[in-house]
There are 2 protein chains.
Amino acid sequence: MPLYLRGTLELASQGADFISSQRLADHLGLTPWLIRKDFSYFGDLGKRGVGYDTRTLVSRIKKILRLNVDRRAVLVGAGRLGSALLEYGGFGRYGLQIVAAFDRDGAKVGEMIGGVRVEHVNGLATVAGRGIDMGILAVPEESAQEIADALLMAGIRGILSFSPRHIAMPKRVKVITIDIAMDLARLPYYLSGNRR
Amino acid sequence: MPLYLRGTLELASQGADFISSQRLADHLGLTPWLIRKDFSYFGDLGKRGVGYDTRTLVSRIKKILRLNVDRRAVLVGAGRLGSALLEYGGFGRYGLQIVAAFDRDGAKVGEMIGGVRVEHVNGLATVAGRGIDMGILAVPEESAQEIADALLMAGIRGILSFSPRHIAMPKRVKVITIDIAMDLARLPYYLSGNRR
């Protein structure tokens, strides 16, 4: 569903008021029957023939993904990657916002990046009570578990981690890991022919 | 399999010569039967009771994933994200290396980042013949397709893209997209209770 949301948002931004499953499928490199099948689980999302009303579709998928309320995230680690995330404007389309940033490096504290003021990591506990329920980890691998533990104490219930190391959390906290090296390592499998 | 490779490498780095499916499962937050089932497709990877020899396991999985030969990648876009990737040391464990970097910004050309000298993007065609078959796109969304087309012309057969926009490529070129905003957007679905 997140992928369908992205595709629908893109086509809507190109001015499409209605989209067929065929058009969405073409755009995303999928098959229309897969889209119709997936959508069928969520009741009537559109009319046969006319296609889906993009505004309705976006709002329905957002509700399914619980993106219908604004969500606030804290970022820990304002290095190159963390700064890139703070400056990235793409979160807003999903109703997500990074509203706080922390770093261990005193020299970075007070710096404004992407409109957010960097705070010292020792103050991470102050996240509690600021309406933030998601954390983004862009810290060195060896600090990831420690920071995740601190986020847990501060009431965070979902973590997006850029550290490839496995983070141990209670079951009630969802951890999604983005392991860039591993994603790159998936490519060679598909490079058929000319195997040096 | 990439996940199993990562888990096995981590346990090996902690000094484990043999690992059981139980230990690997615990480490990755999976179930042992799933691991045994997946491994069973690839013939005899270990002995019941003794567990898997980590060195053999790493080498077998690498072969399955075609990571048994060194792979060279080119990065386009040496901004914050691109620079973070160039300086990231985690690719080596999979036999991957970023050996060239390009940027549109003349001011960045010649700069050394992570041991790689940034070249001007107009010279992208020179990638052909340098033993590089993978490209990493860390460019603004609106340039992604154009740069991907240039990489295609330069003989690249696999692309890792950080642009959320869909990139159209011939079927023979594999494109893996990392959409960070979409990954973050997957979290709210799991944040049960306390829905503001």
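All of the points below concern the structure found in this document. It should be emphasised that the depicted structure is a prediction, and the values quoted were computed from it without experimental measurement. (Residues numbered from 1 in each chain as written. Chains lettered and ligands numbered in written order. Predicted model: local features only at pLDDT ≥ 70, side-chain atom pairs only at ≥ 80, totals over all residues. Heavy atoms only, no water.)

### Section: the overall build of chain A
For the record, the criterion: Numbering of helices and strands starts at the N terminus; helices are DSSP runs of H or I of at least 4 residues and strands are runs of E of at least 2. Here the term buried applies to any residue with accessible area under 20% of the maximum for its type, exposed to any over 50%, and partly exposed to those in between, with areas from a 1.4 Å probe on protein chains only. Any two residues whose heavy atoms approach within 4.5 Å are treated as being in contact. The protein chains shown are the only cover counted for residues, whose accessible areas, like all others here, come from Shrake-Rupley with a 1.4 Å probe.
Each helix and strand counted, chain A has seven helices and nine strands in total. Structurally, chain A occupies a C-alpha span of about 60 × 50 × 35 Å along its principal axes. Burial analysis of chain A (196 residues in total) assigns 51% to the buried set. Pairs at least 24 apart in sequence give 53% of the contacts found in chain A among residues at least 6 apart. Roughly 9,100 Å² of accessible area belongs to chain A as shown, and the carbon and sulfur atoms make up 51% of that amount.

### Focus on the packing of helix α2 (residues 21-28) of chain B against helix α3 (residues 32-40) of chain B
All names here are of chain B. For the record, the criterion: In this analysis an axis means a line fitted to C-alpha atoms, helices contributing only their contacting stretch, and an angle means the value between N-to-C directions, from 0 to 180 degrees. Orientation is classified from the angle alone, with under 35 degrees giving roughly parallel, over 145 giving roughly antiparallel, 65 to 115 giving roughly perpendicular, and any other angle giving oblique. In this scheme, a crossing is called left-handed if the near helix is turned counterclockwise away from the far one by less than a right angle; it is called right-handed if the turn is clockwise. Throughout this entry, Asp, Glu, Lys and Arg are counted as charged residues, while Ala, Val, Leu, Ile, Met, Phe, Trp, Tyr, Cys and Pro are counted as nonpolar. The remaining residues, Gly among them, count as polar.
Here α2 crosses α3 at 115°, and the two axes come no closer than 8 Å. For the element pair α2 / α3, the angle class is roughly perpendicular. Handedness of the α2/α3 crossing: right-handed. Residues S21, Q22, L24 and A25 of α2 form the contact with α3, whose participating residues are P32, I35, R36 and F39. Considered class by class, the residues forming the contact of α2 with α3 number five nonpolar, two polar and one charged.

### Here we look at the pairing of strand β6 (residues 116-120) of chain A
Residue and element names in this part refer to chain A. Where we set the bar: Pairing between two strands requires that DSSP report at least two bridges joining them.
As defined by bridge partners, strand β4 (residues 96-103) adjoins β6 across three bridges and the pair is classed as parallel. Bridging from a neighbouring strand, A101 pairs with V118 of β6. Here two bridges tie strand β5 (residues 112-113) to β6, and the two strands are oriented antiparallel to one another. Residue pairing in the sheet places M112 in a bridge with R117 of β6. Turn length for the β5-β6 hairpin, with the two strands adjacent in sequence and antiparallel, is two residues, and the turn residue G114 shows positive phi of about 55°.

### Some remarks on the sheet that holds strand β9 (residues 174-177) of chain B
The mixed open sheet is built from seven strands, whose spatial order is β5-β6-β4-β3-β7-β8-β9 (chain B). Two strands bound the open sheet, and with one partner strand each, they are β5 (112-113) and β9 of chain B.

### A closer look at the packing of aromatic side chains
The geometry of an aromatic ring pair is captured by the separation of the ring centres together with the interplanar angle, meaning the angle of the planes. All names here are of chain A. Defined as follows: Two rings belonging to Phe, Tyr or Trp (six-membered ring only in the last case) form a pair when the distance between their centres is within 6.5 Å. Interplanar angles under 30 degrees mark stacking, angles over 60 mark edge-to-face geometry, and anything in between is tilted.
Evaluated as defined, the whole model comprises eight aromatic pairs over all chains. Here Y4 and F39 contribute two aromatic rings whose centre-to-centre distance is 5.2 Å and whose plane-to-plane angle is 90°, an arrangement assigned as edge-to-face. Residue Y4 is located in helix α1 (residues 2-13), and its partner F39 is located in helix α3 (residues 32-40); the two are separated by 35 residues in the primary sequence. The exposure class of Y4 is buried, given its relative accessible area of 4%.

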